[in-house]
Amino acid sequence: MVTELLATSTTTASSITDTDWAEFAAELRPTKTFHGLGDGVVREGARLIRKGDADYETARQVWNAMHQRYPLAIVEAAGAADVVATVNFAREHDLPITPRCGGHSIPGLSTVDDGIILDLSRMRAIQIDPVRKTARVEGGALLGELDHESQAFGLATVGGQISNTGVAGLTLNGGWGWLARRFGYTVDNLISAQVVTADGRLLNASKDENPDLFWGLRGGGGNFGVVTLFEFQLFEVGPLVYGGQISWPIEKAIDLLKFYREWGPRQVEELTTEVIAWHTEEEDGSLSDQAVISMSLCFSGDPKDLDDALAELLAFSPDDMVVEAEWLPYAVLQTQYDEFLRHGFNTYYKYGVLDDLSDEFLETAFNGWLTKKSNHTFMTLGYWGGAMSRAGDDVPFPRNKEPWRAVTEIRWEEAHERDENVQWAHDYWSSIEGYFSTKNQYLNFTGDLGEDLVRDAYGRSVYERLREVKRTYDPQNLFRMNQNIVP
Ligand SMILES: Cc1cc2nc3c(=O)[nH]c(=O)nc-3n(C[C@H](O)[C@H](O)[C@H](O)COP(=O)(O)OP(=O)(O)OC[C@H]3O[C@@H](n4cnc5c(N)ncnc54)[C@H](O)[C@@H]3O)c2cc1C
């Protein structure tokens, strides 16, 4: 179920005086003209936006319109000092606080009632080291910005599939994308981080410094503090990759899924694919009444290997196939679904993993999807595996051995459509969840919350180790707007 988080606080809005707020605001980086080189240039500082301020309505919104919450304030931090000041203010006033990077949290974790949203969108600097092949990325940067900077040097790290997802939220709970079959999850490629912890310290975390914190960050989400800086390993990628989608009439869906079951595991690791059953958008933005079944793909290998990589797929029902795939810059491919998954929809996700796919599962999953309440709702089935399944460093992120991922994104436009869509999602999911191999969830991809769900996601022993790290760095659970590890 969608459980509303109880981010309760003993403080009420009225118990924080205007003087308290004014003193806090005075600690934040000012917007002013600094005299020095570049005289006369006004430097943007932090912004404190309180309930009632002109920009409040816009500033409190997150990607998923289903989550309408009313924070006391939104702080747009301009640097680590602002992050420290905000964390201290929240702790001293017993206010729930949540960092916000891209605002893409599906259960709406980057917004909070009667607390503080610590918005990092002014902290988006990125530095690439093309020799060491690393990137230093501030805690508010978006994936598309990281791709842009690194692709200028023919490099990339593993991100997600949408360019305006936040680097921070995606990384801290795993992070998969088109390159993950080659290079593992985003967390597998995290080298170090700087974190503001609940007591207001700025700590380095790496294998050598605060290694317990570094371990926790690689899968433990936003539980241990606010990450102000990430350092990632980069790889040579593209800049051109072959990507897009190949579609067939929806009547071919079951045949395509059965074909994929055989072919998916034989794909080279440079190729990543997902089947999508969906209604695509027309040029005017309206949804087509007619659903299609598509294979979405990205091939990032040597161009001379493309024909072999796709030969079997292109032999599947060629007469009614529509190919909308081409060689294009990797950074452009990363924007292909941005508009389709734009801000402002109401969205709820369900997720499951499988060892293998029976006929019965494929038919039940697909035929069930056809009964959806909204044509915005789509289902995907992906064969992941590759480097994602191989043992890497000891990290808390649950590295499933099951290679198949089924995700249904339940989406609707108007708030009043919520109940029927969420109910449909639960009925649909109960018809297929018996086929899944484990209760283990990908915490970035579930619309649900709750301690049992989090414990099941990590497994008991990893969860208990995460609790130890939580007790060390956030014993009072100041950071609880997340897939929470209860200290
Ligand atoms: C359209 C869309 C596409 C997606 N595609 C993918 C995909 O391809 N691959 C994938 O793996 N996932 C994907 N996701 C899921 C995504 O990884 C998660 O929703 C993730 O939380 C988004 O990160 P964010 O920074 O935008 O989140 P936000 O909503 O900004 O933050 C979510 C939570 O992350 C934590 N957090 C954020 N910033 C910080 C910080 N600086 N320090 C500490 N904690 C922080 C906090 O707990 C916060 O509550 C997608 C989600 C959406 C909505």
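Every residue gets a number counted from 1 within its own chain, in the order that chain's sequence is written. pLDDT decides what is reported in this predicted model: residues at 70 or higher carry local features, side-chain atom pairs at 80 or more are listed and counted, and totals for whole chains, interfaces and linings draw on all residues regardless. Neither water nor hydrogens contribute to the side-chain values; these are computed over all heavy atoms in the structure.

Before going further, it helps to spend a moment on helix 13 (residues 451-458). In an α-helix there are 3.6 residues to a turn, and that puts residues three or four apart on one side. Residues Leu453, Val454, Arg455, Ala457 and Tyr458 constitute the buried set of helix 13. Close packing links the buried residues of helix 13 with helix 14 (460-473). In this description a helix means any DSSP run of H or I spanning at least four residues, a strand means any run of E spanning at least two, and both kinds are numbered starting from the N terminus. Of the residues trailing helix 13, Gly459 is marked for its positive phi of about 85°. Exposure categories follow from relative accessible area, calculated using a 1.4 Å probe and restricted to protein chains: below 20% of the type maximum is buried, above 50% is exposed, and the middle band is partly exposed. The contact criterion used is simple: two residues touch if any of their non-hydrogen atoms lie within 4.5 Å.

Trp248, Met295, Leu313 and Phe361 are the most contacted members of the largest nonpolar core, which has 49 residues in total. The element contributing the most residues to this core is helix 8 (residues 253-263), with seven residues. Aside from chain neighbours lying at most four places away, what touches Trp248 is Leu256, Val292, Ile293, Met295, Leu313, Phe316, Ser317, Asp320 and Met321. For this analysis, a nonpolar core means a set of buried residues of the types Ala, Val, Leu, Ile, Met, Phe, Trp, Tyr and Cys, connected via side-chain atoms within 4.5 Å. Of all hydrophobic cores here, the second largest spans 37 residues; its members include Leu190, Phe214, Phe230 and Phe232.

Let us look at the pairing of strand 18 (residues 346-354). When you tally the buried positions in strand 18, you get nine out of nine residues, the bulk of the element. Alternating positions in strand 18 separate into two faces, Asn346, Tyr348, Lys350, Gly352 and Leu354 on one and Thr347, Tyr349, Tyr351 and Val353 on the other, with burial throughout. Paired strands, as defined in this entry, are two strands with at least two bridges between them according to DSSP. As defined by bridge partners, strand 18 adjoins strand 20 (residues 404-412) across nine bridges and the pair is classed as antiparallel. Bridged to Thr347 within strand 20 is Arg411.

Turning our eyes to something else, we now look at the sheet that holds strand 17 (residues 322-329). Ordered in space as 17-14-16-15-19-20-18, the seven strands form an open sheet in which the pairing is antiparallel. Because the sheet does not close on itself, it has two edges, and the strands there are strand 17 and strand 18. Averaged over all adjacent pairs, the angle separating strand axes in this sheet is 15°, with direction ignored. Note: strand 15 (residues 271-278) against strand 19 (residues 378-383), five bridges, orientation antiparallel. The residue of strand 19 that forms the bridge with Ala277 is Met379. Against the sheet, helix 8 contacts strand 14 (240-249), strand 15, strand 16 (292-299), strand 19 and strand 20, and its axis sits at roughly 160° relative to strand 15. An axis is simply a line fitted to the C-alpha atoms; with a helix, the fit covers only the stretch in contact. Between two such axes, the angle follows the N-to-C directions and lies from 0 to 180 degrees. Along the sheet face, helix 11 (residues 359-369) touches strand 15, strand 18, strand 19 and strand 20 and points at about 155° away from the line of strand 19.

For the rest of this paragraph, the subject is the sheet that holds strand 12 (residues 226-233). Remark on secondary structure: sheet strands pair via backbone hydrogen bonds, oriented parallel or antiparallel. Reading across from one edge, 7-8-12-10-11 is the order of the five strands in this open sheet, with antiparallel pairing throughout. The open sheet has two edge strands, strand 7 (126-129) and strand 11 (202-206), and neither has a second partner. Direction aside, the axes of adjacent strands within the sheet are offset by 15° on average. Of the strand pairs in this sheet, strand 10 (residues 190-196) and strand 11 are connected by five bridges, and their pairing is antiparallel. Pairing of Ala193 across the sheet is with Ala205, part of strand 11.

Our next topic: the domain arrangement of the protein chain. As far as domains go, the protein chain holds domain 1 (13-119), domain 2 (126-237 + 462-473) and domain 3 (240-445). Put simply, the middle of domain 1 and the middle of domain 2, counted by C-alpha atoms, are 23 Å apart. On the side of domain 2, 18 residues touch domain 1, which itself brings eleven residues to the contact. Between domain 1 and domain 2, roughly 970 Å² of surface is buried when both sides are summed, and carbon and sulfur atoms account for 73% of that area. Salt bridges are defined as contacts in which a side-chain nitrogen from Lys or Arg sits within 4 Å of a carboxyl oxygen from Asp or Glu. Counting across the interface, domain 1 meets domain 2 through zero salt bridges. Either an automatic procedure or a domain database provided the assignment from which the domain bounds are taken. Defined here as a combined quantity, buried area equals the accessible surface (1.4 Å probe) lost by two parts on assembly, summed across both.

Moving on: the packing of helix 1 (residues 18-27) against helix 3 (residues 80-92). For any two helices packed against each other, one specifies the inter-axial angle together with the distance between the axes. Interaxial distance between helix 1 and helix 3 falls to 9 Å at its minimum, and their mutual angle equals 160°. Classified by the angle between their axes, helix 1 and helix 3 sit roughly antiparallel to one another. Handedness of the crossing formed by helix 1 with helix 3: right-handed. Listed contacts from helix 3 to Asp20, Trp21, Phe24 and Glu27 of helix 1 are Asp82, Ala85, Thr86 and Phe89. Residues that form the contact of helix 1 with helix 3 fall into these classes: four nonpolar, one polar and three charged. Reported orientations rely on four angle classes, namely roughly parallel under 35 degrees, roughly antiparallel over 145, roughly perpendicular from 65 to 115, and oblique for the rest. Helix crossings fall into two classes, left-handed where the near helix is turned counterclockwise from the far one by less than a right angle and right-handed where it is turned clockwise. Residues were grouped as follows: Ala, Val, Leu, Ile, Met, Phe, Trp, Tyr, Cys and Pro as nonpolar; Asp, Glu, Lys and Arg as charged; and all remaining residues, including Gly, as polar.

Moving on, we come to a negative patch on the surface. Together, Glu282, Glu283, Asp284 and Asp289 give the surface a local cluster of negative charge. Examined against the element boundaries, Asp289 turns out to sit in the loop between strand 15 and strand 16. A relative accessible area of 71% places Asp289 in the exposed class. Patch construction takes residues with relative accessible area above 30% that form no salt bridge. Like charges are linked within 9 Å, and nonpolar side chains (Val, Leu, Ile, Met, Phe, Trp, Tyr) are linked within 5 Å. Using the Shrake-Rupley algorithm and a 1.4 Å probe, accessible areas are obtained, with residue cover drawn only from the displayed protein chains. We count Lys and Arg on the positive side and Asp and Glu on the negative side, and we leave His and both chain ends out. To locate a charge, take atom NZ for lysine, CZ for arginine, CG for aspartate or CD for glutamate.

To continue, consider the site of the ligand. The local shell around the ligand holds 34 residues, among which Cys101, Gly103, Ser110, Gln161 and Tyr442 are the closest. Burial of the ligand by the surrounding chains reaches 97%, relative to a free accessible area of 950 Å². With four residues, helix 5 (residues 167-172) is the single largest residue contributor to the shell around the ligand. Counted by class, the shell around the ligand contains 16 nonpolar, 17 polar and one charged residues. Near, as used in this document, describes a residue that has one of its heavy atoms within 4 Å of the molecule or strand being considered.

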